[in-house]
Amino acid sequence: MSQRQLTPRLVVRALSLRVADAPVLQGVHLEVPARGVLAVIGPAGSGKTALLRLLNRTLARGPTVQVEGQILLDGDDLYSERQRLRRVRQRVGHVFPDPVPFPGTIADNVAYGLALDRVADRTQRDLKIERALKTVGLWTRDRAELMRPADDLSRGDLQLLCIARTLALDPVVLLLENVTRSLDPVATRRVERCIRAVAEHRGVLMLTHDLAQAARLSDEVVYLEDGRVIEQGATAQVFTHPRLQQTEDFLAGRTGEGLA
Amino acid sequence: MIEVLLLLLSVPIGLGAGLYFAALVPEDGLRHQAGVVVAGLSEASPALAGLAVLGVGLQGSQVGALACGWALLLVPRLVRSVERALAEVDPGLQARAEALGATPWEALRTLVLPAAAPRLTGLAVRDVARTLGELAPLLVISAAGLALLQTHAWVAGAAVAWVVAANVLATLLEAPR
(Lines give C-alpha, C1' and ligand atoms only; values in the text may rest on other atoms or scores of the structure.)
Protein backbone atom coordinates (compact mmCIF):
# COMPACT_ATOMS: atom_id res chain seq x y z
CA MET A 1 0.00 0.00 0.00
CA SER A 2 1.54 3.32 -1.04
CA GLN A 3 2.00 6.25 1.26
CA ARG A 4 -0.50 8.24 -0.85
CA GLN A 5 -3.24 5.68 -0.15
CA LEU A 6 -2.64 5.85 3.59
CA THR A 7 -2.50 9.62 3.90
CA PRO A 8 -5.85 11.40 4.17
CA ARG A 9 -6.28 13.45 1.02
CA LEU A 10 -8.98 15.82 2.27
CA VAL A 11 -8.19 17.53 5.55
CA VAL A 12 -10.38 20.07 7.31
CA ARG A 13 -8.66 22.30 9.86
CA ALA A 14 -10.38 24.60 12.34
CA LEU A 15 -13.26 25.23 9.96
CA SER A 16 -15.80 27.76 11.19
CA LEU A 17 -18.82 29.14 9.37
CA ARG A 18 -21.03 32.02 10.42
CA VAL A 19 -24.14 33.00 8.50
CA ALA A 20 -25.63 36.38 9.40
CA ASP A 21 -23.47 36.34 12.52
CA ALA A 22 -24.97 33.04 13.71
CA PRO A 23 -22.45 30.23 14.15
CA VAL A 24 -23.15 27.21 11.92
CA LEU A 25 -19.81 25.41 12.26
CA GLN A 26 -17.26 25.97 15.00
CA GLY A 27 -13.67 24.83 14.75
CA VAL A 28 -14.33 21.60 12.86
CA HIS A 29 -11.35 19.30 12.33
CA LEU A 30 -11.67 16.15 10.30
CA GLU A 31 -9.84 13.99 7.80
CA VAL A 32 -11.45 12.07 4.98
CA PRO A 33 -9.48 8.85 4.50
CA ALA A 34 -7.84 8.17 1.12
CA ARG A 35 -10.08 5.12 0.86
CA GLY A 36 -13.11 4.06 2.87
CA VAL A 37 -16.25 5.71 4.17
CA LEU A 38 -16.45 8.49 6.74
CA ALA A 39 -20.02 8.99 7.98
CA VAL A 40 -21.11 12.32 9.41
CA ILE A 41 -24.05 11.96 11.76
CA GLY A 42 -25.88 14.41 13.96
CA PRO A 43 -29.30 15.92 14.64
CA ALA A 44 -30.99 18.22 12.12
CA GLY A 45 -29.42 21.68 12.19
CA SER A 46 -26.08 20.39 13.46
CA GLY A 47 -24.25 21.80 10.41
CA LYS A 48 -23.75 18.56 8.43
CA THR A 49 -25.06 19.90 5.13
CA ALA A 50 -23.23 23.22 5.50
CA LEU A 51 -20.01 21.30 6.14
CA LEU A 52 -20.49 19.17 3.04
CA ARG A 53 -21.32 22.15 0.84
CA LEU A 54 -18.25 24.00 2.04
CA LEU A 55 -16.08 21.07 1.03
CA ASN A 56 -16.78 21.48 -2.68
CA ARG A 57 -17.62 25.16 -2.58
CA THR A 58 -21.29 24.85 -3.45
CA LEU A 59 -22.42 26.83 -0.40
CA ALA A 60 -23.76 30.18 -1.59
CA ARG A 61 -21.31 32.89 -0.59
CA GLY A 62 -22.32 36.40 0.26
CA PRO A 63 -21.52 39.32 2.52
CA THR A 64 -23.26 37.63 5.47
CA VAL A 65 -21.33 34.36 5.10
CA GLN A 66 -17.98 34.16 6.89
CA VAL A 67 -15.69 31.16 6.53
CA GLU A 68 -12.53 30.61 8.56
CA GLY A 69 -10.10 27.72 8.68
CA GLN A 70 -8.70 25.54 5.92
CA ILE A 71 -9.89 22.78 3.65
CA LEU A 72 -6.88 21.05 2.13
CA LEU A 73 -7.02 18.59 -0.75
CA ASP A 74 -3.67 16.91 -1.25
CA GLY A 75 -2.21 19.89 0.59
CA ASP A 76 -3.87 22.55 -1.62
CA ASP A 77 -6.21 25.00 0.08
CA LEU A 78 -9.50 24.71 -1.81
CA TYR A 79 -10.35 28.32 -0.99
CA SER A 80 -7.08 29.82 -2.21
CA GLU A 81 -7.35 32.32 -5.06
CA ARG A 82 -5.49 30.17 -7.57
CA GLN A 83 -7.88 27.22 -7.23
CA ARG A 84 -10.26 27.09 -10.18
CA LEU A 85 -13.81 26.46 -9.03
CA ARG A 86 -14.50 23.94 -11.80
CA ARG A 87 -11.44 21.90 -10.86
CA VAL A 88 -12.37 21.96 -7.16
CA ARG A 89 -15.84 20.62 -7.90
CA GLN A 90 -14.46 17.94 -10.20
CA ARG A 91 -11.97 16.76 -7.59
CA VAL A 92 -14.52 16.83 -4.77
CA GLY A 93 -17.64 15.21 -6.23
CA HIS A 94 -21.04 15.85 -4.68
CA VAL A 95 -24.18 13.74 -5.01
CA PHE A 96 -27.47 15.26 -3.84
CA PRO A 97 -30.28 13.58 -1.85
CA ASP A 98 -32.85 13.51 -4.65
CA PRO A 99 -31.85 12.07 -8.01
CA VAL A 100 -32.51 14.55 -10.82
CA PRO A 101 -31.65 13.24 -14.29
CA PHE A 102 -30.42 15.63 -16.94
CA PRO A 103 -32.45 15.69 -20.16
CA GLY A 104 -31.09 13.12 -22.61
CA THR A 105 -29.88 9.57 -22.51
CA ILE A 106 -28.12 7.59 -19.81
CA ALA A 107 -24.82 8.06 -21.68
CA ASP A 108 -25.45 11.82 -22.06
CA ASN A 109 -25.90 12.10 -18.32
CA VAL A 110 -22.61 10.41 -17.50
CA ALA A 111 -20.81 12.39 -20.21
CA TYR A 112 -22.08 15.78 -18.99
CA GLY A 113 -19.09 16.70 -16.81
CA LEU A 114 -16.65 15.33 -19.37
CA ALA A 115 -18.18 17.53 -22.06
CA LEU A 116 -17.70 20.58 -19.82
CA ASP A 117 -14.07 19.62 -19.52
CA ARG A 118 -13.91 19.24 -23.31
CA VAL A 119 -12.71 15.65 -23.28
CA ALA A 120 -12.50 15.45 -27.05
CA ASP A 121 -10.98 11.99 -27.38
CA ARG A 122 -14.01 9.79 -27.93
CA THR A 123 -12.26 6.60 -26.86
CA GLN A 124 -11.07 8.17 -23.64
CA ARG A 125 -14.53 9.59 -22.96
CA ASP A 126 -16.26 6.26 -23.63
CA LEU A 127 -13.80 4.53 -21.35
CA LYS A 128 -14.58 6.92 -18.50
CA ILE A 129 -18.32 6.45 -19.05
CA GLU A 130 -17.91 2.68 -19.06
CA ARG A 131 -15.81 2.68 -15.92
CA ALA A 132 -18.27 4.91 -14.04
CA LEU A 133 -21.28 2.84 -15.07
CA LYS A 134 -19.51 -0.40 -14.17
CA THR A 135 -18.70 0.91 -10.69
CA VAL A 136 -22.36 1.68 -9.99
CA GLY A 137 -23.61 -1.50 -11.66
CA LEU A 138 -25.47 0.12 -14.57
CA TRP A 139 -23.07 -0.88 -17.34
CA THR A 140 -24.37 -2.92 -20.26
CA ARG A 141 -22.75 -3.80 -23.56
CA ASP A 142 -26.04 -3.12 -25.29
CA ARG A 143 -25.50 0.32 -26.79
CA ALA A 144 -29.25 0.80 -27.23
CA GLU A 145 -29.71 0.46 -23.46
CA LEU A 146 -27.27 3.31 -22.84
CA MET A 147 -29.16 5.41 -25.36
CA ARG A 148 -32.43 5.11 -23.41
CA PRO A 149 -33.74 8.33 -21.90
CA ALA A 150 -32.48 8.66 -18.35
CA ASP A 151 -36.06 9.42 -17.28
CA ASP A 152 -36.95 5.78 -17.94
CA LEU A 153 -34.84 4.54 -15.03
CA SER A 154 -36.28 3.60 -11.66
CA ARG A 155 -35.58 5.98 -8.78
CA GLY A 156 -32.86 3.74 -7.37
CA ASP A 157 -31.16 3.44 -10.75
CA LEU A 158 -31.44 7.20 -11.19
CA GLN A 159 -29.51 7.75 -7.98
CA LEU A 160 -26.88 5.28 -9.19
CA LEU A 161 -26.75 7.24 -12.45
CA CYS A 162 -26.20 10.46 -10.49
CA ILE A 163 -23.30 8.79 -8.68
CA ALA A 164 -21.89 7.59 -12.02
CA ARG A 165 -22.21 11.13 -13.42
CA THR A 166 -19.93 12.34 -10.63
CA LEU A 167 -17.56 9.36 -10.78
CA ALA A 168 -16.94 9.92 -14.49
CA LEU A 169 -14.88 12.96 -13.47
CA ASP A 170 -12.69 10.73 -11.32
CA PRO A 171 -13.02 12.76 -8.10
CA VAL A 172 -10.48 12.36 -5.31
CA VAL A 173 -13.25 12.43 -2.71
CA LEU A 174 -16.95 11.73 -3.10
CA LEU A 175 -19.47 13.58 -0.94
CA LEU A 176 -22.80 11.83 -0.53
CA GLU A 177 -25.65 13.85 0.95
CA ASN A 178 -28.39 11.56 2.30
CA VAL A 179 -28.35 9.75 -1.04
CA THR A 180 -30.77 7.01 0.01
CA ARG A 181 -33.29 9.35 1.65
CA SER A 182 -35.96 8.88 -1.00
CA LEU A 183 -35.27 5.23 -1.90
CA ASP A 184 -37.03 2.00 -0.99
CA PRO A 185 -35.07 -0.67 0.97
CA VAL A 186 -34.14 -2.68 -2.13
CA ALA A 187 -32.79 0.35 -3.99
CA THR A 188 -31.07 1.48 -0.79
CA ARG A 189 -29.16 -1.82 -0.61
CA ARG A 190 -28.02 -1.40 -4.23
CA VAL A 191 -26.80 2.12 -3.58
CA GLU A 192 -25.03 0.96 -0.42
CA ARG A 193 -23.23 -1.79 -2.38
CA CYS A 194 -22.20 0.86 -4.86
CA ILE A 195 -20.87 3.11 -2.09
CA ARG A 196 -18.72 0.29 -0.74
CA ALA A 197 -17.38 -0.38 -4.25
CA VAL A 198 -16.55 3.31 -4.71
CA ALA A 199 -14.85 3.44 -1.31
CA GLU A 200 -12.35 0.77 -2.35
CA HIS A 201 -10.63 3.33 -4.54
CA ARG A 202 -11.34 6.73 -3.01
CA GLY A 203 -12.50 8.48 0.11
CA VAL A 204 -16.23 8.85 0.64
CA LEU A 205 -17.80 11.32 3.05
CA MET A 206 -21.40 10.37 3.66
CA LEU A 207 -24.08 12.36 5.46
CA THR A 208 -26.91 10.25 6.72
CA HIS A 209 -29.78 10.39 9.17
CA ASP A 210 -29.96 6.60 9.10
CA LEU A 211 -27.77 5.47 11.98
CA ALA A 212 -28.06 1.79 11.02
CA GLN A 213 -26.78 2.70 7.58
CA ALA A 214 -23.86 4.65 9.05
CA ALA A 215 -23.01 1.63 11.21
CA ARG A 216 -23.30 -0.76 8.22
CA LEU A 217 -21.32 1.24 5.71
CA SER A 218 -18.78 3.46 7.35
CA ASP A 219 -15.28 2.82 8.60
CA GLU A 220 -15.16 5.99 10.66
CA VAL A 221 -17.83 8.23 12.15
CA VAL A 222 -17.96 11.90 13.07
CA TYR A 223 -20.73 13.04 15.39
CA LEU A 224 -21.64 16.70 14.92
CA GLU A 225 -23.88 18.73 17.23
CA ASP A 226 -24.49 22.49 17.16
CA GLY A 227 -21.73 22.91 14.59
CA ARG A 228 -19.05 21.21 16.71
CA VAL A 229 -17.43 17.82 16.36
CA ILE A 230 -18.45 16.04 19.53
CA GLU A 231 -16.83 12.71 18.85
CA GLN A 232 -15.06 10.92 16.04
CA GLY A 233 -13.46 7.56 15.69
CA ALA A 234 -13.76 4.07 14.27
CA THR A 235 -17.39 3.18 13.60
CA ALA A 236 -17.41 0.05 15.77
CA GLN A 237 -15.94 1.95 18.70
CA VAL A 238 -18.27 4.97 18.44
CA PHE A 239 -21.41 2.86 18.08
CA THR A 240 -20.59 0.33 20.77
CA HIS A 241 -18.51 2.31 23.26
CA PRO A 242 -18.97 6.04 22.71
CA ARG A 243 -16.63 8.07 24.86
CA LEU A 244 -19.06 10.86 25.61
CA GLN A 245 -22.53 10.91 27.10
CA GLN A 246 -23.74 13.32 24.37
CA THR A 247 -22.90 10.77 21.68
CA GLU A 248 -24.53 7.97 23.61
CA ASP A 249 -27.68 10.06 24.05
CA PHE A 250 -27.85 10.77 20.32
CA LEU A 251 -27.30 7.13 19.36
CA ALA A 252 -29.97 6.08 21.85
CA GLY A 253 -32.43 8.64 20.46
CA ARG A 254 -32.43 10.77 23.58
CA THR A 255 -31.07 13.99 22.00
CA GLY A 256 -33.65 16.76 22.03
CA GLU A 257 -35.79 15.13 24.70
CA GLY A 258 -37.43 17.64 26.97
CA LEU A 259 -37.46 20.35 24.32
CA ALA A 260 -41.01 19.71 23.23
CA MET B 1 -32.02 53.38 -38.24
CA ILE B 2 -32.25 53.23 -34.44
CA GLU B 3 -36.00 52.74 -34.73
CA VAL B 4 -35.59 49.77 -37.05
CA LEU B 5 -33.01 48.23 -34.71
CA LEU B 6 -35.40 48.70 -31.80
CA LEU B 7 -38.11 46.90 -33.72
CA LEU B 8 -35.81 44.02 -34.60
CA LEU B 9 -33.98 43.73 -31.29
CA SER B 10 -36.87 43.98 -28.83
CA VAL B 11 -37.38 40.21 -28.78
CA PRO B 12 -33.73 39.24 -28.14
CA ILE B 13 -33.36 42.13 -25.67
CA GLY B 14 -36.44 41.02 -23.75
CA LEU B 15 -35.37 37.37 -23.69
CA GLY B 16 -31.78 38.25 -22.78
CA ALA B 17 -32.82 40.57 -19.96
CA GLY B 18 -35.21 37.91 -18.67
CA LEU B 19 -32.47 35.27 -18.62
CA TYR B 20 -30.05 37.63 -16.98
CA PHE B 21 -32.39 38.63 -14.18
CA ALA B 22 -34.00 35.24 -13.66
CA ALA B 23 -30.94 33.04 -13.64
CA LEU B 24 -27.70 34.94 -13.36
CA VAL B 25 -28.20 37.90 -11.03
CA PRO B 26 -28.02 37.12 -7.30
CA GLU B 27 -31.24 37.69 -5.41
CA ASP B 28 -30.32 41.00 -3.87
CA GLY B 29 -31.89 44.45 -3.66
CA LEU B 30 -31.19 45.34 -7.30
CA ARG B 31 -32.94 42.23 -8.59
CA HIS B 32 -35.92 42.90 -6.36
CA GLN B 33 -36.22 46.51 -7.53
CA ALA B 34 -35.84 45.52 -11.18
CA GLY B 35 -38.49 42.85 -10.61
CA VAL B 36 -40.96 45.42 -9.27
CA VAL B 37 -40.39 47.74 -12.25
CA VAL B 38 -40.71 44.90 -14.78
CA ALA B 39 -43.82 43.52 -13.08
CA GLY B 40 -45.43 46.96 -13.16
CA LEU B 41 -44.53 47.63 -16.78
CA SER B 42 -45.52 44.16 -17.98
CA GLU B 43 -48.99 44.63 -16.49
CA ALA B 44 -49.30 48.27 -17.53
CA SER B 45 -52.15 49.15 -19.81
CA PRO B 46 -51.43 49.83 -23.50
CA ALA B 47 -52.24 53.49 -22.75
CA LEU B 48 -48.62 53.87 -21.62
CA ALA B 49 -47.42 52.72 -25.01
CA GLY B 50 -50.02 55.01 -26.53
CA LEU B 51 -48.33 57.96 -24.86
CA ALA B 52 -44.99 56.92 -26.29
CA VAL B 53 -46.50 56.50 -29.72
CA LEU B 54 -48.10 59.94 -29.47
CA GLY B 55 -44.97 61.56 -28.01
CA VAL B 56 -42.54 60.20 -30.58
CA GLY B 57 -45.11 60.65 -33.35
CA LEU B 58 -45.16 64.37 -32.51
CA GLN B 59 -41.47 64.48 -33.37
CA GLY B 60 -42.46 63.32 -36.83
CA SER B 61 -41.16 59.74 -36.82
CA GLN B 62 -43.91 57.20 -37.42
CA VAL B 63 -41.43 54.28 -37.36
CA GLY B 64 -39.96 55.66 -34.14
CA ALA B 65 -43.42 55.85 -32.62
CA LEU B 66 -44.11 52.26 -33.57
CA ALA B 67 -40.73 51.08 -32.27
CA CYS B 68 -41.14 52.85 -28.90
CA GLY B 69 -44.62 51.49 -28.33
CA TRP B 70 -43.50 48.02 -29.39
CA ALA B 71 -40.44 47.96 -27.12
CA LEU B 72 -42.27 49.47 -24.16
CA LEU B 73 -44.98 46.83 -24.29
CA LEU B 74 -42.99 43.80 -25.37
CA VAL B 75 -39.71 43.86 -23.43
CA PRO B 76 -41.18 43.72 -19.89
CA ARG B 77 -43.63 41.03 -20.96
CA LEU B 78 -40.83 38.90 -22.36
CA VAL B 79 -38.80 39.35 -19.18
CA ARG B 80 -41.76 38.09 -17.15
CA SER B 81 -42.33 35.17 -19.51
CA VAL B 82 -38.70 34.05 -19.22
CA GLU B 83 -39.05 34.17 -15.44
CA ARG B 84 -42.22 32.07 -15.61
CA ALA B 85 -40.75 29.50 -18.01
CA LEU B 86 -37.56 29.07 -15.98
CA ALA B 87 -39.50 28.79 -12.73
CA GLU B 88 -41.21 25.69 -14.11
CA VAL B 89 -37.89 23.87 -14.65
CA ASP B 90 -36.65 21.69 -11.79
CA PRO B 91 -34.22 23.95 -9.84
CA GLY B 92 -32.20 20.82 -9.09
CA LEU B 93 -30.85 20.79 -12.65
CA GLN B 94 -28.89 24.00 -12.16
CA ALA B 95 -27.51 22.96 -8.76
CA ARG B 96 -26.45 19.53 -9.97
CA ALA B 97 -24.76 20.87 -13.08
CA GLU B 98 -22.85 23.44 -11.03
CA ALA B 99 -21.79 20.72 -8.59
CA LEU B 100 -20.18 18.96 -11.59
CA GLY B 101 -18.16 22.08 -12.33
CA ALA B 102 -20.46 23.93 -14.73
CA THR B 103 -20.60 27.71 -14.48
CA PRO B 104 -24.09 29.21 -13.92
CA TRP B 105 -24.16 30.21 -17.60
CA GLU B 106 -23.11 26.72 -18.79
CA ALA B 107 -25.76 25.11 -16.63
CA LEU B 108 -28.36 27.53 -17.98
CA ARG B 109 -27.33 27.09 -21.61
CA THR B 110 -26.89 23.31 -21.64
CA LEU B 111 -29.68 22.14 -19.34
CA VAL B 112 -32.13 24.73 -18.05
CA LEU B 113 -32.81 26.55 -21.30
CA PRO B 114 -33.42 23.39 -23.37
CA ALA B 115 -35.80 22.18 -20.67
CA ALA B 116 -37.61 25.55 -20.60
CA ALA B 117 -37.59 26.07 -24.38
CA PRO B 118 -41.04 24.67 -25.28
CA ARG B 119 -42.81 26.71 -22.58
CA LEU B 120 -40.70 29.78 -23.31
CA THR B 121 -41.47 29.62 -27.03
CA GLY B 122 -45.19 29.43 -26.33
CA LEU B 123 -45.10 32.37 -23.93
CA ALA B 124 -42.92 34.51 -26.23
CA VAL B 125 -45.19 33.91 -29.23
CA ARG B 126 -48.18 34.86 -27.09
CA ASP B 127 -46.43 38.06 -25.95
CA VAL B 128 -45.52 39.07 -29.51
CA ALA B 129 -49.05 38.39 -30.77
CA ARG B 130 -50.64 40.29 -27.88
CA THR B 131 -48.33 43.26 -28.37
CA LEU B 132 -48.97 43.38 -32.10
CA GLY B 133 -52.70 43.27 -31.44
CA GLU B 134 -52.53 46.14 -28.96
CA LEU B 135 -50.19 48.27 -31.02
CA ALA B 136 -52.28 48.36 -34.19
CA PRO B 137 -55.28 50.32 -32.82
CA LEU B 138 -52.91 52.59 -30.91
CA LEU B 139 -51.26 53.63 -34.13
CA VAL B 140 -54.62 54.44 -35.67
CA ILE B 141 -55.74 56.39 -32.61
CA SER B 142 -52.46 58.25 -32.39
CA ALA B 143 -52.67 59.22 -36.07
CA ALA B 144 -56.12 60.69 -35.41
CA GLY B 145 -54.81 62.33 -32.25
CA LEU B 146 -51.99 63.94 -34.17
CA ALA B 147 -54.40 65.51 -36.61
CA LEU B 148 -56.51 66.88 -33.73
CA LEU B 149 -53.44 68.20 -31.96
CA GLN B 150 -52.46 70.36 -34.87
CA THR B 151 -55.74 72.31 -34.54
CA HIS B 152 -56.55 72.22 -30.77
CA ALA B 153 -53.47 71.88 -28.57
CA TRP B 154 -55.45 71.94 -25.29
CA VAL B 155 -57.24 68.71 -26.26
CA ALA B 156 -53.90 66.95 -26.41
CA GLY B 157 -52.94 68.31 -22.99
CA ALA B 158 -56.15 67.03 -21.41
CA ALA B 159 -55.82 63.68 -23.17
CA VAL B 160 -52.26 63.23 -22.01
CA ALA B 161 -53.21 64.07 -18.40
CA TRP B 162 -56.10 61.61 -18.51
CA VAL B 163 -53.98 58.83 -19.98
CA VAL B 164 -51.19 59.36 -17.44
CA ALA B 165 -53.65 59.29 -14.52
CA ALA B 166 -55.43 56.20 -15.86
CA ASN B 167 -52.18 54.41 -16.49
CA VAL B 168 -50.68 55.16 -13.07
CA LEU B 169 -53.90 53.92 -11.47
CA ALA B 170 -53.94 50.76 -13.58
CA THR B 171 -50.28 50.05 -12.81
CA LEU B 172 -50.79 50.51 -9.08
CA LEU B 173 -53.84 48.26 -9.07
CA GLU B 174 -52.31 45.52 -11.22
CA ALA B 175 -48.76 45.38 -9.85
CA PRO B 176 -48.19 42.25 -7.74
CA ARG B 177 -47.91 42.92 -4.02
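Scroll up a little and you will see the structure.
Just so we're clear, the structure is a prediction, and the values are computed from it rather than from any experiment. (Residues numbered from 1 in each chain as written. Chains lettered and ligands numbered in written order. Predicted model: local features only at pLDDT ≥ 70, side-chain atom pairs only at ≥ 80, totals over all residues.)

**Focus: the overall build of chain B**
Consideration 1: For chain B, the helix and strand inventory stands at 7 helices and 0 strands.
Consideration 2: When its helices and strands are written in sequence order, chain B yields α-α-α-α-α-α-α.
Consideration 3: Within chain B, the proportion of its 177 residues that are buried is 35%.
Consideration 4: Long-range pairs, those at least 24 residues apart, make up 81% of the contacts in chain B between residues at least 6 apart in sequence. (Helix = DSSP H or I, 4+ residues; strand = E, 2+ residues; numbered from the N terminus. Buried ≥ 20, exposed ≤ 12 C-beta atoms within 10 Å, placed from the backbone. Contact = placed C-beta atoms within 7 Å.)

**Thoughts on the environment of Ala150(A)**
All names here are of chain A.
Consideration 1: Mapping Ala 150 onto the fold places it in the loop between helix 6 (143–146) and helix 7 (155–167).
Consideration 2: When the 22 C-beta atoms within 10 Å are taken as the criterion, Ala 150 is described as buried.
Consideration 3: Separated by 43 residues in the primary sequence, Ala 150 and Ala 107 have C-alpha atoms spaced 8.4 Å apart.
Consideration 4: With sequence-adjacent residues up to four places away left out, Ala 150 is seen in contact with Pro 101, Phe 102, Gly 104, Thr 105, Ile 106, Asn 109 and Leu 161.

**Overview of the sheet that holds strand 8 (residues 203–207) of chain A**
Through backbone hydrogen bonds, the strands of a sheet pair up, either in parallel or in antiparallel fashion.
All names here are of chain A.
Consideration 1: Strand order across the open sheet formed by 6 strands is 6-7-8-3-9-10, with mixed pairing between neighbours. Here the strands that pair on one side only, and so sit at the sheet edges, are strand 6 (92–95) and strand 10 (228–234). For this sheet the average axis-to-axis angle between neighbouring strands, irrespective of direction, equals 20°.
Consideration 2: In this structure, strand 9 (residues 220–225) lies alongside strand 10, joined through 6 bridges in antiparallel fashion. Across the sheet, Tyr 223 pairs through a bridge with Glu 231, a residue of strand 10.
Consideration 3: Across the face of the sheet, helix 7 comes into contact with strand 6 and strand 7 (173–177) while running at roughly 165° to strand 6.
Consideration 4: Across the sheet, helix 8 (residues 185–199) is in contact with strand 3 (36–41), strand 7 and strand 8; its angle to strand 8 comes to roughly 145°. (Pairing = 2+ DSSP bridges. Axes fitted to C-alpha atoms, helices over the stretch in contact; angles between N-to-C directions.)

**Some remarks on the pairing of strand 2 (residues 22–32) of chain A**
Consideration 1: Two strands pair when backbone bridges link them, and strand 1 (residues 10–19) of chain A and strand 2 of chain A are joined in this way by 7 bridges, in the antiparallel orientation. Paired with Val11(A) across the two strands is Glu31(A), which belongs to strand 2 of chain A.

**Quick notes on helix 2 (residues 48–55) of chain A**
All names here are of chain A.
Consideration 1: A large share of helix 2 lies buried, amounting to 6 of its 8 residues.
Consideration 2: All of the buried residues along helix 2 are Lys 48, Ala 50, Leu 51, Leu 52, Leu 54 and Leu 55.
Consideration 3: Looking at the residues trailing helix 2, positive phi occurs at Arg 57, about 55°.

Just distances and angles here, no functional claims.
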